[in-house]
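Here are the chains, one letter per residue:
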Amino acid sequence: MKRVLIWTAVSTVGVLALGFFLACSGMNAVKVGVAVPQTGEFAKGGTDVLHGVQLAVDDWNNKGGVLGKQIELIQVDDRGQADYAPQAAEELANKGAHIVIGHFNSDCSVAAMNTYIRRHVLMISPTSTTPVLTESGYKTIFRTIGRDDKQGEVAAEYVAESLPEAKVAVVHDGSTYGKELATAFLNHYGHITHMEPVYYGYMTPSGTNREEILEKLESSEADLLYFGGAYPTAGPFLKALRDAGLEMTLMTGDGNYEPSFIELAGPENAEGTLVTFVPDPNVVPEAQPIVERYRAKFGEPGPYSLFAYEAANIVFQGIEKAQSSEDVKVAEALREMSFATPFGTLKFDEKGDINLAPYRVWVIEDGQFVPAPESAAAPAGPGGGTPEEPAE
């Protein structure tokens, strides 16, 4: 009996010691969460972001981490669903994340941001373009990409200048991203041309009114359709448009600067589509060392892989300057700093928007995104403006 009691006591001490060791190990790490879709229709984009952050974490850990601690990456699948995003945010906070890089979808970012504010977790999105995110007034919400209102303006100016005689129709998919992008285009197009669209419509969440929209587009005799929505809806919609015999030019936003859009629409159907996006980050000369390391670990980078990499880099620099991973202190540091990136020197304004995101217009030719001729320049302001010289 004594041996049993002694062994039980020793076992208990061992378990307690192991628990104490694991707790201390967790305390000696800076925990960074990534909230992106890893399943569902946006899984490709979410995985691109996750890999970009992972590369940055590996780079920093290889040189000693941050504040003398290793960086621990915590990932959660938000499924690309706004109704699930708050739960994903709670999970990251419960696991001790100090910073969250995400979400991928604007809907998810908006749905989750109040959770991060309440749990004192700083959030920085490399992909969410909705103005709502940074117009909220929260001081611990940031992004490293431009805004829908600015790329909508660029698209409108391109159409007004390059296709002045076009009859324009506007349709969006009902998402936060799609609606705001379409609204930004519509408002600016009307302001500079004093013209109204020949048709305006939106898809129901289930897409059950698609045939009705196609019929109205046919009767509108539109030459150009501006579509607000990302590749999971835009690609199939363009295919349906062409299957219905409608040859109008499609123009859309950065959520379709993605090979998956071409695959879903079909290469022949996608030919000639106009897309707003920034200069391709994967071909910037200064970014090539990063791109090569990414390819060696994960394969070809996606459109937002480097934005995610830089979001992580920026946050880690902010933690070092603040000498803390506390959300408010890191946020204050981020607003005081300038960040040398392969795309130029980046700064944040008081809202958490970046000073450079020079949207331009691309066109799909032979299955590739190439610069469209006579593209309109990006307007100045939050998420717009002209970049400074790339950093050495």
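Q: Whenever I open this one, the overall build of the chain confuses me. Can you help?
A: The secondary structure content of the chain amounts to 14 helices and 14 strands. Restricting the contact set of the chain to residue pairs at least 6 apart, pairs at least 24 apart contribute 68%.

Q: What am I meant to see in the sheet that holds strand 5 (residues 141–143) here?
A: Strand pairing in a sheet relies on backbone hydrogen bonds, with the paired strands running either antiparallel or parallel. In space, the 5 strands of this open sheet follow the order 2-1-3-4-5, with parallel pairing throughout. Whereas interior strands pair on both sides, the edge strands pair on one side only; in this sheet they are strand 2 (70–77) and strand 5. Neighbour-to-neighbour, the strand axes of this sheet turn through a mean angle of 25°, independent of strand direction. Here strand 4 (residues 122–125) pairs with strand 5 via 3 bridges, running parallel. Across the sheet, the residue bridging to Met-123 is Ile-141, located in strand 5. Helix-sheet contacts for helix 3 (residues 85–94) involve strand 1 (29–36), strand 2 and strand 3 (99–102), and the interaxial angle to strand 2 is about 155°. Of the strands in this sheet, strand 1, strand 3, strand 4 and strand 5 touch helix 4 (residues 106–119), which is tilted by about 155° from strand 4.

Q: I tried to follow the pattern of salt bridges on my own but got confused; where do I start?
A: Between side chains of opposite charge, pairing is possible as soon as their charged atoms come close. If you walk through the whole model with that rule in mind, you get 20 salt bridges. Arg-143 is the partner of Asp-353 in a salt bridge, and the nearest nitrogen-oxygen pair spans 2.7 Å. Of this pair, Asp-353 sits in the loop between strand 12 (344–346) and strand 13 (360–365) while Arg-143 sits in strand 5; the two residues are 210 residues apart in sequence, bridging distant segments of the chain. The exposure class assigned to Asp-353 is buried, which follows from its relative accessible area of 0%.

Q: Can you help me understand the sheet that holds strand 7 (residues 199–202) in this one?
A: The strand order across the open sheet built from 7 strands is 7-6-8-9-10-13-14, with neighbouring strands paired in mixed fashion. The sheet is open, and its two edges are formed by strand 7 and strand 14 (368–371), each paired on a single side. Put simply, the sheet's adjacent strands are angled 25° from each other on average, direction ignored. Strand direction decides the pairing type here: strand 6 (residues 168–172) and strand 8 (residues 224–228), joined by 5 bridges, are parallel. Along strand 8, the bridge assignment pairs His-172 with Gly-228. Contacting strand 8 and strand 9 (249–252), helix 9 (residues 231–243) runs over the sheet at an angle of about 155° to strand 8.

Q: Help me out: how do you make sense of the pairing of strand 9 in this one?
A: Every regular strand shows the same layout, with side chains that alternate between the two sheet faces. Direction of pairing for strand 8 relative to strand 9: parallel, over a ladder of 4 bridges. Looking at strand 9, one finds that Tyr-226 is bridged to Met-251. In this fold, the crossover linking strand 8 to strand 9 by way of helix 9 has right-handed handedness. As judged from the 2 bridges shared by strand 9 and strand 10 (residues 274–277), these two strands associate in the parallel manner. For Thr-252, the partnering residue across the bridge sits in strand 10 and is Val-275.

Q: Would you explain the nonpolar core in this entry?
A: Generally speaking, a soluble globular protein has its nonpolar side chains buried in company with each other. Leu-217 and Phe-316 are the most contacted members of the largest nonpolar core, which has 101 residues in total. Per-element accounting of this core gives the leading share, 10 residues, to helix 13 (residues 305–322). Among the nonpolar cores identified, the runner-up in size contains 19 residues, and Ile-74, Ala-85, Ala-88 and Tyr-116 belong to it.

Q: Even after reading the chapter, I still don't get the environment of Ile-74, so can you show me in this structure?
A: Checked against the element boundaries, Ile-74 lands in strand 2. Note: C-alpha distance between Ile-74 and Lys-95 (21 residues apart in sequence) is 7.9 Å.

Q: I'm lost on a negative patch on the surface in this one. Help?
A: On the surface, Glu-268, Glu-271, Glu-365 and Asp-366 cluster together to form a negatively charged patch. Inspection of the secondary structure puts Glu-365 in strand 13. Residue class for Glu-365 comes out partly exposed when judged on its relative accessible area of 41%.

Q: Mind showing me how you'd approach the packing of helix 12 (residues 288–298) against helix 13 here?
A: Between two packed helices, what matters for the description is the angle formed by their axes and the separation of those axes. At a minimum axis distance of 11 Å, the contact between helix 12 and helix 13 shows a crossing angle of 105°. The angle between helix 12 and helix 13 falls in the class roughly perpendicular. Here helix 12 contributes Ile-290, Val-291, Arg-293 and Tyr-294 to the contact with helix 13, which in turn contributes Ser-305, Leu-306, Tyr-309 and Glu-310. For the contact of helix 12 with helix 13, the residue count by class is 5 nonpolar, 1 polar and 2 charged.

Q: How should the environment of Tyr-202 be read in this particular structure?
A: Locating Tyr-202 in the fold gives a position in strand 7. Remark: the alpha-carbon pair of Tyr-202 and Ser-175, spanning 27 residues in sequence, is separated by 9.7 Å. Residues contacting Tyr-202, with those up to four places away along its chain left out, are Val-171, His-172, Asn-209 and Ile-213.

About the criteria used
- Residues numbered from 1 in each chain as written.
- Predicted model: local features only at pLDDT ≥ 70, side-chain atom pairs only at ≥ 80, totals over all residues.
- Heavy atoms only, no water.
- Helix = DSSP H or I, 4+ residues; strand = E, 2+ residues; numbered from the N terminus.
- Contact = heavy atoms within 4.5 Å.
- Pairing = 2+ DSSP bridges.
- Axes fitted to C-alpha atoms, helices over the stretch in contact; angles between N-to-C directions.
- Salt bridge = Lys/Arg side-chain N within 4 Å of Asp/Glu carboxyl O.
- Buried < 20%, exposed > 50% of the residue type's maximum accessible area, 1.4 Å probe, protein only.
- Right-handed = clockwise from strand over helix to strand, strands pointing away.
- Core = buried A, V, L, I, M, F, W, Y, C linked by side-chain atoms within 4.5 Å.
- Patch = residues over 30% accessible without salt bridge, like charges linked within 9 Å, V, L, I, M, F, W, Y side chains within 5 Å.
- Areas by Shrake-Rupley, 256 points an atom, 1.4 Å probe, with all protein chains shown as cover.
- Lys, Arg positive; Asp, Glu negative; His and termini not counted.
- Charge placed at Lys NZ, Arg CZ, Asp CG, Glu CD.
- Parallel < 35°, antiparallel > 145°, perpendicular 65-115°, else oblique.
- Nonpolar A, V, L, I, M, F, W, Y, C, P; charged D, E, K, R; others polar.

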